[in-house]
Structures are given as structure tokens and as C-alpha cells.
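Coordinate inspection notes
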Amino acid sequence: MLAIGLDIGSRSIELVVAKDGSEIIYMEREETSFDYLTQTRKMLRGLRCDKILVTGYGRHLISNMFNIGHITEIKAHAAGLYKIFPEIRTILDIGGQDTKVISIDDNGRVIRFEMNDRCAAGTGRFLEIMAQALGCRVFEFGDLAMAGQGGVSINSVCTVFAETEVVSLKAKGASPADVAMALVGSIVQKAAGMIKRVGLNPPLAFCGGVAKNVAIAKGLEEHLGVPVVIPPEPDFTGAIGAAFLASRL
């Protein structure tokens, strides 16, 4: 039995095919683009499946157009991380446009969650803008921050205000590495506040595209004093969860 999980995110679309509810046999990722309906059609073309579920911010349109079931991102990420790390009870997901903290029970069911979806502060989009302001590429941001020596601070994680602070620090001669380190610190503090409000039961699972940033992962470990575990493909956890939940339909 083949099941497909689709995660229609703000920045990318992830597709996962699971066999017999236990084995992932295919994974694909594409940019969402403005016309994500056409992107989804292209990704599904030629794929055979028995069940399919869609999640992510574009799930309602895709669900209606293809007449398939949909689930929330919270439930999908909880199922995906629980499948990968059965021991985890607290999840941090930082994606392209939002941040989510999820607490799950011993069976992988969602107990409590908090979601910041009204502001891009601390998300992938925030990092893209800050990387541009620092003159580096977003995938270089983490290594740049790891080279920082400290000594500067960013007081806001609002994208507009933080960018203004970055420009001001550059004008004062601060190094890009030190500014990147300060930006990571502000992201970690914001995420840690959400985690503490939901409740932290270590280890912490970190997923979403921002989980690829080594400096943020290390900063979370140091700030929270707990191990942080990251799946091999941190931006696929929603699609993985949707695929395995589809297998149970």
C-alpha cells in the first residue's frame, strides 16, 4: 500500500511516498512558486498511490482541487517527528514564514501547541533578509554566526527593525560574524520563550528549514540546557507525518 504526504509550505512543497505505513520510498522538494497548484500537479504526475493527505498553508486549495483529505501542520509535524524520534515530546518547527512549538504525549498525540503565524520574525524569510543585509547567502548564515565573537546585540526580531539595527551596527564597524551571532541570539530567545510557555520535555526536536542553521541549533542547546535532535531532512517532517497518517486511513 502506497501513501503520499504533501506539505504545501510558504517557501517550498515537500512530497513523501510511504510504503505499507513503515518505509519511505520517495521524497521530492520543489519551490512553492506563485502557482503552487501547477507545481503540485507536476510533482504528482506519474506517481501511483492508494491514499494521500495534504498539509501546510496551501492545504485547503489543494484538498478542494484534488478532492483529497487534509490535516493541520501541527498534527502532521507531530506525526512526522514521532515517527522519526519516538522518544521526543517537544517539537520546535521554524519554517519559511512561521514558528510552531508542539507538545505531544507518549502516543504522539498533540497535547498543546503555540504558533506564531502573524509575523515572520525569526523564520526562514527573516534569515533571508538578514543574510542579504550582511552580504552573505542564507545557507552561509549559520557558519558566519559561529565565527562571531560577541559584543553586539540585536534588540528586536521584527524584520524591519532588526534590519535597521543591522545597518546601524555595520555603520559602526561591527563585523558581519558578530552581527550574525547577535541575530541568532535574538531568534533563540524568541523560540525559547515559546518553548517555555508550551512546556519543555527534553530532548527537543528541531525541524523546518531553519533547523539546518547550525548556529541556531547550538544556541538552543546552550540557552535551554537540553539536547536538540534534528532529523536528517528537517524540512520534510510535515510531509512524512502526512504520508504515515494517510497510511492509516
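The structure contained in this document is the topic of the report that follows. (Residues numbered from 1 in each chain as written. Predicted model: local features only at pLDDT ≥ 70, side-chain atom pairs only at ≥ 80, totals over all residues. Heavy atoms only, no water.)

Next up on the list: the nonpolar core. Ranked by size, the top nonpolar core spans 41 residues in total, and within it Leu 92, Phe 141, Leu 183, Phe 206, Ile 216 and Leu 220 carry the most contacts. Among the secondary structure elements, those contributing two or more residues to this core are strand S6 (90–94), helix H4 (124–134), helix H5 (141–146), helix H6 (159–171), helix H7 (176–198), strand S9 (204–207) and helix H8 (214–224). Take this core: its biggest share by element is 12 residues, from H7. What Leu 92 contacts, discounting residues up to four positions off in sequence, is Thr 99, Lys 100, Val 101, Ala 191, Ile 195, Leu 204, Ala 205, Phe 206, Cys 207 and Leu 220. In this structure, Val 17, Val 54, Ile 62 and Ile 68 belong to the second largest nonpolar core, which totals 15 residues. (Core = buried A, V, L, I, M, F, W, Y, C linked by side-chain atoms within 4.5 Å. Buried < 20%, exposed > 50% of the residue type's maximum accessible area, 1.4 Å probe, protein only. Helix = DSSP H or I, 4+ residues; strand = E, 2+ residues; numbered from the N terminus. Contact = heavy atoms within 4.5 Å.)

Let us look at the packing of H4 against H6. Running from amino to carboxyl end, H4 crosses H6 at an angle of 20°, the nearest separation of the two axes being 10 Å. Viewed along their axes, H4 and H6 adopt a mutual orientation that is roughly parallel. As for how H4 packs across H6, the hand of that crossing is right-handed. Listed contacts from H6 to Phe 126, Ile 129, Met 130, Ala 133 and Leu 134 of H4 are Thr 159, Ala 162, Glu 163, Val 166 and Lys 170. Broken down by class, the residue content of the contact of H4 with H6 amounts to 7 nonpolar, 1 polar and 2 charged. (Axes fitted to C-alpha atoms, helices over the stretch in contact; angles between N-to-C directions. Parallel < 35°, antiparallel > 145°, perpendicular 65-115°, else oblique. Left-handed = near helix turned anticlockwise from the far one by under 90°. Nonpolar A, V, L, I, M, F, W, Y, C, P; charged D, E, K, R; others polar.)

What follows is about the sheet that holds strand S10 (residues 228–229). The strand order S8-S7-S6-S9-S10 describes an open sheet built from 5 strands, whose pairing is mixed. Either end of the sheet is taken by a strand with one partner, and the two such strands are strand S8 (110–116) and S10. As judged from the 2 bridges shared by S9 and S10, these two strands associate in the parallel manner. Within S10, the residue paired with Leu 204 across the bridge is Val 228. The strands touched by H7 within the sheet are S6, strand S7 (99–104), S8 and S9, with S8 carrying the most contacts at an inclination of about 150°. (Pairing = 2+ DSSP bridges.)

Summarising the element assignment, Met 1 is placed in the segment before strand S1 (2–8). Put simply, Met 1 and Ala 18 are 17 residues apart on the chain and 8.3 Å apart in space, counted from C-alpha to C-alpha. In contact with Met 1, not counting residues within four places along its chain, are Ala 18, Lys 19, Asp 20, Asp 50, Lys 51 and Ser 247.

A few words now on the packing of aromatic side chains. Throughout the structure, instances matching the rule amount to 1 aromatic pair. For the pair Tyr 36 and Tyr 57, a centre-to-centre distance of 5.7 Å together with 50° between the ring planes defines the contact as tilted. Here the residue Tyr 36 occupies a position in helix H1 (residues 36–44), and Tyr 57 occupies one in the loop between strand S4 (51–56) and helix H2 (59–66), the gap between them amounting to 21 residues. Given a relative accessible area of 15%, Tyr 36 falls into the buried group. Note on Tyr 57: relative accessible area 44%, which makes it partly exposed. In this structure, Lys 83 packs its charged tip against the face of Phe 244, placed 4.6 Å from the ring centre. (Phe/Tyr/Trp six-rings, centres within 6.5 Å; stacked < 30°, edge-to-face > 60°. Lys NZ or Arg CZ within 6 Å of the ring centre and 35° of its normal.)

Here we take up the pairing of strand S3 (residues 23–31). Pairing between strand S2 (residues 12–19) and S3: 8 bridges, direction antiparallel. Bridging from a neighbouring strand, Ile 13 pairs with Glu 30 of S3. Connecting the antiparallel pair S2 and S3 is a turn made up of 3 residues, with Asp 20 showing a positive phi of about 55°.

Estimates place the volume of the largest pocket at around 860 Å³. Going through the elements one at a time, S2, S3, helix H3 (73–84), S6, H4 and H5 are the ones with two or more residues in the lining of the largest pocket. At 3 residues, the largest contribution of residues to the lining of the largest pocket is made by H4. Across the lining of the largest pocket, the residue classes break down as 11 nonpolar, 12 polar and 15 charged. The calculated volume of the second largest pocket comes to roughly 270 Å³. (1 Å grid on protein atoms, 1.4 Å probe; cavity = no way out; pocket = protein on both sides within 12 Å on 5 of 7 lines; lining within 4 Å. Points joined across faces, edges and corners; volume = space filled by probe spheres on them.)

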